[in-house]
Structures are given as C-alpha cells and as structure tokens.
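Structural characterization, general
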Amino acid sequence: MKVLGLSGNVKQPSRTASVVRSVVTAVEQHFSIEGRVIELVDAAPILFRALRADQLDQAGRDIIDAVEAADILVVGSPVYRASYTGALKHLFDLVDFRALTGKRVILAATGGTPLHGLMTEHQLRPLFGFFNALTVPTAIYATESDFTGHALTSAAVAERINRAVSELIQLFPNADVSTRIAHTNLHPETV
C-alpha cells in the first residue's frame with residue numbers, strides 16, 4: 001500500500017508541509033507502511049513545463065505517476081484567495097480523471113485565520129468528488145497559532161489528525177480498526 005502526501009505550498013519553510021508530514025506519519029504508523037511527501041515548492045517548476053499531461057517530461061511524469069499510483073493521498077494547501085494554490089490545481093489538471101477513482105484522501109489546509117477553515121469543504125472536497133475519490137469526513141485545518149515556528153504543536157489539530165486517520169482505517173475493510181486505533185494516538189509533541 002502506498003501513501004503519498006502533497007503539500008500545495010510553494011515556499012519553504014512551510015506550515016502546510018508540516019501538517020501534511022504529520023498526517024502521513026500518522027498513516028504510516030497505523031498501517032506500518034512508508035510514505036512519501038511531494039512539496040510543490042520543488043515539484044511545481046517541473047510540472048509547469050507542461051500544460052497538458054502528454055507534454056510531461058520524465059521528471060513530471062514521475063510525479064504524476066506517484067499521485068496516480070498512491071492508495072492513500074494526503075492533500076494539503078495553504079488557503080490562497082479563498083481556495084487552494086494554483087500549483088496544486090495544475091498538478092491535478094495533469095492527473096488522469098479516472099486515476100483516483102476509489103482512492104482514499106485526507107484533506108488538510110492552513111490559513112491565517114479560522115475564517116478560512118471551510119476551504120477544505122468548499123474547494124478541496126469537490127475536487128476529489130470530481131475524481132470519484134473517497135475523502136474522509138474529518139478535514140484538518142490549522143492556523144499560525146497552531147505552530148511553534150513551522151512545527152505543528154496544537155493538541156486540537158493532533159486530535160483532528162487522529163480522527164481523520166481513524167476514519168481512513170474504516171475505509172479499508174481488512175483493517176483491524178480496534179487494535180490500530182488503540183495503539184497510535186498522536187500527541188502534540190510527536191506531531
């Protein structure tokens with residue numbers, strides 16, 4: 001099973017990348033698998049060399065192949081003009097519209113104010129509805145006050161991550177949900 005995190009931020013250091021890495025780490029612990037995180041700060045220049053999927057060079061094709069091959073996606077973006085970043089949109093414009101059918105997705109976002117917290121519901125969730133992917137009910141949203149520097153330190157956000165991963169486990173019929181939920185709970189100091 002493959003888990004892939006996508007951080008839609010195009011600058012470093014990134015609070016969004018910190019949240020995505022925390023969620024990927026929680027998924028890795030629950031499923032005893034290794035994940036990968038792609039940050040668009042690195043990937044966007046490669047992807048923007050192509051306007052369509054058939055124009056991708058090998059480096060761009062490798063990124064899109066990783067997205068399409070993942071069983072679980074953790075997708076995060078900073079809120080930018082009330083939506084996700086254009087770089088993240090471009091990445092998904094290059095993904096085959098059939099490739100994510102039935103894939104499991106955890107949504108995450110970061111913003112400067114709690115007022116942008118519904119971006120995951122109004123922008124990201126419909127995107128994955130188009131792809132026929134299965135998004136877990138709980139989305140993760142964090143503001144600047146949830147971080148120390150760029151490290152996620154909020155107990156409330158850690159709880160949302162735990163809840164989202166627990167919901168993810170329930171989407172896998174062969175998972176032993178009771179055992180897995182009991183042994184892995186994130187605490188702010190481990191996020």
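**What to know about the layout of surface pockets**
- Computed from the structure, the largest pocket encloses a volume of approximately 190 Å³.
- Around the largest pocket sit 16 residues that line it, and Asn9, Arg15, Pro78, Thr110 and Glu144 are the ones nearest its centre.
- Across the lining of the largest pocket, the residue classes tally to five nonpolar, eight polar and three charged.

**Quick notes on the confidence of the model for the protein chain**
- Looking at the protein chain, pLDDT values average 92 and 91% of them are 70 or higher.
- In this model, residues 177-184 is a region of pLDDT below 50 whose contacts with residues beyond four sequence positions or in other chains number 13 contacts.

**Some words on helix H3 (residues 58-69)**
- Taking 1.5 Å of rise per residue, the twelve residues of H3 would be expected to cover 16 Å, and the 16 Å separating its terminal C-alpha atoms lies within 8% of that figure.
- For H3, the capping residue at the N-terminal end is aspartate 57, with a side-chain oxygen 3.3 Å from the backbone nitrogen of alanine 59.

**Comments concerning the packing of aromatic side chains**
- Applying the stated criterion across every chain yields a total of five aromatic pairs.
- Geometrically, the ring pair formed by phenylalanine 92 and phenylalanine 131 is tilted, given 5.9 Å between the ring centres and 55 degrees between the ring planes. With phenylalanine 92 in helix H4 (residues 86-93) and phenylalanine 131 in the loop between helix H5 (119-130) and strand E5 (134-135), this pair connects stretches of sequence that are 39 residues apart.
- Taking the centre distance of 6.5 Å and the plane angle of 40 degrees together, the rings of phenylalanine 128 and phenylalanine 131 count as tilted. Take phenylalanine 128 and phenylalanine 131: they sit in the same class, and that class is buried.
- Through successive ring pairs, a cluster of aromatic residues spans Phe92, Phe128, Phe130 and Phe131.
- The residue whose ring lies beneath arginine 15 is phenylalanine 147, and the NZ or CZ to ring-centre distance is 6.0 Å.

Cut-offs used in this document
Residues numbered from 1 in each chain as written. Predicted model: local features only at pLDDT ≥ 70, side-chain atom pairs only at ≥ 80, totals over all residues. Heavy atoms only, no water. 1 Å grid on protein atoms, 1.4 Å probe; cavity = no way out; pocket = protein on both sides within 12 Å on 5 of 7 lines; lining within 4 Å. Points joined across faces, edges and corners; volume = space filled by probe spheres on them. Nonpolar A, V, L, I, M, F, W, Y, C, P; charged D, E, K, R; others polar. pLDDT = per-residue confidence, 0-100. Contact = heavy atoms within 4.5 Å. Helix = DSSP H or I, 4+ residues; strand = E, 2+ residues; numbered from the N terminus. Expected span 1.5 Å × (residues − 1). Polar contact = N/O pair within 3.5 Å; in protein donor to acceptor, adjacent residues only side chain to side chain. Phe/Tyr/Trp six-rings, centres within 6.5 Å; stacked < 30°, edge-to-face > 60°. Buried < 20%, exposed > 50% of the residue type's maximum accessible area, 1.4 Å probe, protein only. Lys NZ or Arg CZ within 6 Å of the ring centre and 35° of its normal.

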